[in-house]
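Secondary and tertiary structure notes
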Amino acid sequence: MVISHEFDYRRPSSLEDAIGALAEFPGSAWILAGGTDLVAWLRDDAVAPDLVVDIKDVPGLADIALDDRTLSIGSLVTFTDLIESDLIADHAPLLAEMAETVGSTGIRNRATLVGNICSAVPSCDAGPVLLAYDAAVHLAGPAGERTVDINDWFVGLRQTARSDDEVVTRVTIDVRSHGGIYVKLMRYAGEDLAQAAVAIVVRPDHDFRVAFGAVAPTPFRSARIEDALRGKALDAALVGRVVALVADEISPITDMRASAEYRTRMTEVMLDRGLWAAVGRLSGEGLRYGERVI
Amino acid sequence: MDLNFTVNGETWALDVAPADVLLDVLREKAAVKSPKIGCERGDCGSCTIIMDGRTVRSCLVLAVEADGHEITTVEGLSFDGLSRLQGLFLSNNSFQCGFCAPGIVLAATELLERKPNPSRHDVQEALAGNLCRCTGYEPIIEAVLAAGAGGDQ
């Protein structure tokens with residue numbers, strides 16, 4: 001099946017030109033990076049842009065860089081780049097662990113971390129992990145640059161805080177001492193979207209961030225679960241108390257990939273095992289990154 | 001729009017529309033038929049091509065995105081006869097209907113270039129996005145393992 005919708009295509013060679021192109025077609029221009037979502041949506045007639053702005057020739061967007069303790073990931077960085085980066089392996093292996101669960105090699109070679117949170121589907125793998133990292137999303141638009149807290153990023157189903165005339169240039173995360181885990185429930189490796197996902201980042205003094213994917217219209221953090229955990233050493237009773245909160249915190253749907261009940265019960269198991277593993281990784285013990293708990 | 005790219009070492013200058021998908025342009029205008037039209041949504045891997053050394057799903061790439069890039073398909077692996085990997089696929093009787101074969105050959109080729117002696121897990125992971133409805137995958141995995149640096153016999 002071909003793409004039935006006609007559109008213009010531009011591949012600007014500067015950020016200014018990319019922003020300018022978006023401004024020419026207010027609300028009807030789509031940004032193309034890896035295209036693994038956008039081209040599929042074009043095929044499905046799920047989106048009908050007048051203009052597609054391919055940002056792959058915009059310089060400076062493909063970098064992974066560490067500045068003191070802040071790791072910056074440009075908007076053209078693919079999931080394969082994350083898996084193969086020494087900086088990621090040394091400072092944020094959780095991102096590589098997440099990236100390894102995305103689609104297949106052929107998808108990961110093309111799909112970008114930033115594109116994943118811009119598509120903002122409920123099951124996006126990058127969403128829960130960047131929430132758990134308290135990431136910052138950096139945008140450039142006609143009025144200049146601004147930064148959006150990832151906690152304010154996902155505003156609805158497939159909707160983000162990005163304005164139509166803005167380009168995401170990078171995301172940044174604080175990579176000071178932490179442990180973390182990304183637990184993804186899927187039917188099989190290779191292609192499947194998450195049926196449910198839990199991302200946890202724990203900092204020293206047991207400061208937890210706990211985020212969920214595919215069990216609500218957007219990825220989200222649970223303040224109730226984080227508050228219950230904050231500053232406390234894990235024990236079976238504490239884990240049991242926060243696991244008991246899961247069913248109230250999430251709002252999964254039943255669809256062709258899983259029932260709401262299955263998603264709920266599995267999310268409880270994933271949080272339970274994930275908490276122990278994340279704390280273990282903070283202290284350098286237990287499961288290595290990439291080793292899975294389900 | 002102008003599309004200037006290299007397919008299996010041969011340069012092409014084509015006129016394409018922005019909405020043309022690379023898979024269709026390769027098959028209909030650039031004379032390669034090995035990338036197959038399967039799910040057309042990036043799930044099955046049968047449209048896999050190698051673009052600048054990496055496998056991509058050509059059903060999810062606009063043709064104009066390939067401008068200035070270098071593409072390899074199975075046709076391009078076989079100018080001097082079958083590759084060693086292809087020979088092992090043959091001797092292992094790895095494929096039946098063969099529809100998935102071009103994608104799997106390219107996915108395995110990419111794996112062996114990155115990791116010359118892959119483990120079974122590596123092979124399974126590398127081929128996880130290439131669906132085969134005939135073989136149950138075992139003879140495919142065995143051939144890729146045999147093609148690894150340790151599997152010369």
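Since the structure is predicted, the reported quantities are computational estimates derived from the model, not experimental observations. (Residues numbered from 1 in each chain as written. Chains lettered and ligands numbered in written order. Predicted model: local features only at pLDDT ≥ 70, side-chain atom pairs only at ≥ 80, totals over all residues.)

1. Some points on the overall build of chain A
The helix and strand inventory of chain A stands at twelve helices and 14 strands. A globule of 294 residues ought to have a C-alpha radius of gyration of about 19 Å, and chain A, at 19 Å, matches this closely. Dimensions of chain A, computed from the C-alpha atoms along their principal axes, are close to 60 × 45 × 30 Å. With 294 residues in all, chain A has 49% of them scored as buried. For chain A, restricting intrachain contacts to residue pairs at least 6 apart in sequence, the fraction spanning at least 24 positions comes to 62%. (Helix = DSSP H or I, 4+ residues; strand = E, 2+ residues; numbered from the N terminus. Rg over C-alpha atoms; globule rule 2.2 N^0.38 Å. Buried ≥ 20, exposed ≤ 12 C-beta atoms within 10 Å, placed from the backbone. Contact = placed C-beta atoms within 7 Å.)

2. Describing the sheet that holds strand β1 (residues 8-10) of chain A
Residues and elements named next belong to chain A. Spatially, the three strands line up as an open sheet ordered β1-β3-β2, and their pairing is parallel. The sheet is open, and its two borders are formed by β1 and β2 (29-32), each paired with just one other strand. Between one strand axis and the next, the sheet turns by 20° as a mean value, whatever way the strands run. As paired elements, β2 and strand β3 (residues 51-54) share four bridges and run parallel to each other. Paired with I31 across the bridge in β3 is V53. (Pairing = 2+ DSSP bridges. Axes fitted to C-alpha atoms, helices over the stretch in contact; angles between N-to-C directions.)

3. Focus: the interface of chain B and chain A
Contact with chain B, which involves 25 residues of that partner, is made by 25 residues of chain A. Looking at the side of chain B that touches chain A, the elements that each hand over two or more residues are β4 (54-57) and α5 (120-127) of chain B. If you tally residues by element for the side of chain B that touches chain A, the top one is β4 of chain B, at four residues. Here the side of chain B that touches chain A is built from residues that sort into twelve nonpolar, five polar and eight charged. (Nonpolar A, V, L, I, M, F, W, Y, C, P; charged D, E, K, R; others polar.)

4. Observations regarding the domain arrangement of chain B
Residue and element names in this part refer to chain B. As assigned here, chain B comprises domain 1 (2-77) and domain 2 (84-147). Averaged C-alpha coordinates put domain 1 and domain 2 at centres separated by 21 Å. Contacts between domain 1 and domain 2 engage 15 residues on the former and 13 residues on the latter. No other element matches the three residues that strand β3 (residues 48-51) contributes to the side of domain 1 that touches domain 2. Broken down by class, the residue content of the side of domain 1 that touches domain 2 amounts to seven nonpolar, six polar and two charged. (Domains from an automatic or database assignment.)

5. With respect to helix α1 (residues 22-29) of chain B
Residues and elements named next belong to chain B. Taken residue by residue, α1 has L22, L23, D24, V25 and L26 as its buried positions. On its buried face, α1 sits against β1 (2-7), β2 (10-15) and β3. Downstream of α1 by one or two residues, A31 has phi in the positive range, about 65°.

6. A look at the environment of E285 of chain A
Residues and elements named next belong to chain A. The residue E285 is located in the segment after α12 (260-282) in this model. Overall, E285 belongs to the exposed group, with 10 C-beta atoms counted inside 10 Å. Put simply, E285 and D90 are 195 residues apart on the chain and 16 Å apart in space, counted from C-alpha to C-alpha.

7. Details of the sheet that holds strand β11 (residues 179-185) of chain A
Residue and element names in this part refer to chain A. One open sheet holds the four strands; their spatial order is β11-β12-β13-β14, and the pairing between them is antiparallel. Of all strands in the sheet, those with a lone pairing partner are β11 and β14 (220-221), marking the two edges. Pairing analysis gives two bridges linking strand β13 (residues 207-213) to β14, with the strands arranged antiparallel. Bridge pairing links A211 to R221 in β14.

8. So, the packing of helix α10 (residues 236-243) of chain A against α12 of chain A
Residue and element names in this part refer to chain A. Taken N-terminus to C-terminus, the directions of α10 and α12 make an angle of 145°; their axes are 10 Å apart at the nearest point. Helix-helix and strand crossings are classified by hand; for α10 and α12 the assignment is right-handed. Together, V239, V242 and V243 of α10 and E268, L271, D272 and L275 of α12 make up the contact between the two elements. The residue makeup of the contact of α10 with α12, split by class, is five nonpolar, no polar and two charged. (Left-handed = near helix turned anticlockwise from the far one by under 90°.)

9. Regarding unusual backbone geometry
Of note in this structure, D45 of chain A is not a glycine but carries a positive phi near 60°. Structurally, D45 of chain A can be placed in the loop between α2 (38-43) and β3. Although it is not a glycine, D52 of chain B sits at a positive phi angle of roughly 50°.

10. With respect to the packing of helix α4 (residues 101-114) of chain B against α5 of chain B
Residues and elements named next belong to chain B. For the pair α4 and α5, interaxial distance at closest approach is 9 Å and the crossing angle is 135°. One way to sum up the angle between α4 and α5 is to call them oblique. Judged by the twist between their axes, the crossing of α4 over α5 is right-handed. Taken together, the residues of α5 that come into contact with α4 (itself represented by I104, A107, A108 and L111) are D122, V123, A126 and L127. Tallied by class, residues from the contact of α4 with α5 come to seven nonpolar, no polar and one charged. (Parallel < 35°, antiparallel > 145°, perpendicular 65-115°, else oblique.)

11. Some remarks on the domain arrangement of chain A
All names here are of chain A. Each assigned domain of chain A is listed with its residue range as follows: domain 1 (1-176) and domain 2 (179-282). Between domain 1 and domain 2, the residue contacts involve 22 residues of the former and 24 residues of the latter. At the level of elements, α5 (93-99), α8 (126-132) and β8 (154-156) are the ones that each hand at least two residues to the side of domain 1 that touches domain 2. Broken down by element, the residue count for the side of domain 1 that touches domain 2 peaks at five residues, all from α8. Here the residues of the side of domain 1 that touches domain 2 sort into twelve nonpolar, seven polar and three charged.

12. A closer look at the pairing of β4 of chain B
Working note: regular strand, side chains alternate between the two faces of the sheet. Residue and element names in this part refer to chain B. Across four bridges, β3 lies against β4 in antiparallel orientation. Paired with T48 across the strands is R57, a residue of β4. Taken together, β3 and the strand that follows it, β4, pair antiparallel across an intervening segment of two residues, in which D52 is found at a positive phi of about 50°.

13. Notes on the nonpolar core
General note: in soluble globular proteins, nonpolar side chains tend to be found buried as a group. The biggest cluster of nonpolar side chains holds 138 residues, and the ones touching the most others in it are I55, V129, A197 and I200 of chain A together with A108 of chain B. When sequence neighbours within four positions are dropped, the list of residues in contact with I200 of chain A reads A132, G180, I181, F208, R209, V210, G274, L275 and A278 of chain A. (Core = buried A, V, L, I, M, F, W, Y, C linked by C-beta atoms within 7 Å.)

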